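Each chain, written out:
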Amino acid sequence: ESGTTFYEAVGGSETFVRLVRRFYQGVAEDPVLRPLYPEEDLGPAEERLRLFLIQYWGGPRTYSDQRGHPRLRMRHAPFRVGTRERDRWLEHMRAAMDEIALPAELDQQLWQYLVMAAHSMVNTFDEP
Ligand code: HEM
């Protein structure tokens, strides 16, 4: 194994910029997800998700420098994340991943993580 991180293997910061930008373009148009975001400007949320993913995959640790320990489940607690929200989140993420079109093995690795993470973020089970 070389010392190459996943972050480097997928093309570094630019890849995450494109992924998360495309993802939030989907969120901006989504009638279920958009109301969850407290700020009118989605730019800061986009930056936080981008910096988190960059750090998670071995890039610069700017996320924690700015935000501290991720504690993602705790940070999502104020928002209603049901299976419906999860599935829409994943739908926009899948569309964004299709657009960046990573090599199959890298795509699979990132996607597997995102599916797992999205499932673990669900905090509301009493939905119609
Ligand atoms: C923040 C929704 C899944 C990572 C947020 C916020 C909302 C939200 C409404 C607040 C926006 C803001 O940053 O001000 C959701 C929904 C999900 C989901 C509906 C559906 C399952 C995920 C997953 C990840 C993630 C799977 C990671 C892989 C983050 C990060 C933040 C965030 C890093 C910013 C945390 C902070 O530093 O404050 N999310 N999220 N989210 N989300 Fe999610």
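This is a predicted model, so every value here is computed, not measured.

Engineer: Mind showing me how you'd approach the nonpolar core here?
Structural biologist: Within the largest apolar cluster, 33 residues are counted, with the highest numbers of intra-cluster contacts made by Tyr24, Leu53 and Trp89. Going through the elements one at a time, helix H1 (6-9), helix H2 (13-28), helix H3 (43-56), helix H6 (83-100) and helix H7 (104-120) are the ones with two or more residues in this core. Sequence-distant contacts of Trp89, that is, excluding residues within four places in its chain, are made with Phe23, Leu33, Tyr37, Leu49, Leu114 and Ala118.

Engineer: What exactly am I supposed to notice about H7 here?
Structural biologist: Given 3.6 residues per turn, any residue in an α-helix points the same way as the ones three and four places further on. Helix length check: H7 (17 residues) gives 24 Å between terminal C-alpha atoms against 24 Å at 1.5 Å per residue, within 8%. What H7 keeps buried is the set Leu106, Asp107, Leu110, Tyr113, Leu114, Ala117 and Ala118. Burial along H7 is one-sided: seen end-on, the buried residues are contained in an arc of 140°. The outward face of H7, more than 90 degrees from its buried face, is lined by the exposed residues Ala104, Glu105, Gln108 and Gln112. Structurally, H7 contributes buried residues whose contacts are with H1, H2, H3 and H6.

Engineer: In this structure, what is going on with the site of the ligand? I would like to understand it.
Structural biologist: In the region of the ligand, 20 residues are neighbours, and Arg48, Tyr63, Arg67, His76 and Trp89 sit closest. One nitrogen or oxygen atom from the side chain of Arg48 is found 2.7 Å from an oxygen atom belonging to the ligand. Here a nitrogen atom of the ligand sits 2.8 Å away from a polar atom, N or O, in the side chain of His76. For the ligand, the cavity whose grid points lie within 2 Å of the majority of its atoms is the largest pocket. By residue number, the principal contributor to the shell around the ligand is H3, which donates 4 residues.

Engineer: Explain the coordination of the iron atom of the ligand here, please?
Structural biologist: The textbook angles at a metal center are 109.5 degrees for a tetrahedron of four donors and 90 or 180 degrees for an octahedron of six. Just one protein ligand coordinates the iron atom of the ligand, and it is His76 (NE2) at 2.0 Å. Take His76: it is sitting in helix H5 (residues 72-76).

Engineer: Would you mind going over the side chain of Asp107 with me for this structure?
Structural biologist: Looking at the element boundaries, Asp107 is found in helix H7. Given a relative accessible area of 14%, Asp107 falls into the buried group. Within the structure, Asp107 has its side chain in polar contact with the side chain of Arg94 (distance 2.9 Å). Apart from the residues lying within four places of it in its own chain, the contact partners of Asp107 are Arg94, Met97 and Leu102.

Engineer: What is the right way to read the side chain of Asp30 from this model?
Structural biologist: Mapped onto the elements, Asp30 comes out in the loop between H2 and H3. What makes Asp30 buried here is its relative accessible area of 3%. Here the side chain of Asp30 touches Arg88 through a polar contact of 2.8 Å, side chain to side chain. Within polar-contact distance, the side chain of Asp30 engages the side chain of His92 at 2.7 Å. Ignoring sequence-local partners within four residues, the contact set of Asp30 consists of Pro35, Arg88 and His92.

Engineer: I'm lost on the layout of surface pockets in this one. Help?
Structural biologist: Summary: where empty space remains is shown by rolling a probe the size of a single water molecule over the atoms. In this structure, the largest pocket occupies an estimated 740 Å³ of space. Lining the largest pocket are 28 residues, and of these Tyr24, Tyr37, His76, Phe79 and Trp89 lie nearest its centre. Every element with two or more residues in the lining of the largest pocket is listed here: H3, helix H4 (62-67), H5, H6 and H7. A per-element tally of the lining of the largest pocket places H3 first, with 5 residues.

Cut-offs applied
Residues numbered from 1 in each chain as written. Predicted model: local features only at pLDDT ≥ 70, side-chain atom pairs only at ≥ 80, totals over all residues. Heavy atoms only, no water. Core = buried A, V, L, I, M, F, W, Y, C linked by side-chain atoms within 4.5 Å. Buried < 20%, exposed > 50% of the residue type's maximum accessible area, 1.4 Å probe, protein only. Helix = DSSP H or I, 4+ residues; strand = E, 2+ residues; numbered from the N terminus. Contact = heavy atoms within 4.5 Å. Expected span 1.5 Å × (residues − 1). Arc of directions from axis to C-beta. Near = heavy atom within 4 Å. Polar contact = N/O pair within 3.5 Å; in protein donor to acceptor, adjacent residues only side chain to side chain. 1 Å grid on protein atoms, 1.4 Å probe; cavity = no way out; pocket = protein on both sides within 12 Å on 5 of 7 lines; lining within 4 Å. Sits in = over half its atoms within 2 Å of the grid points. Donors = N, O, S within 2.8 Å, 3.2 Å for Na, K, Ca; no water. Points joined across faces, edges and corners; volume = space filled by probe spheres on them.

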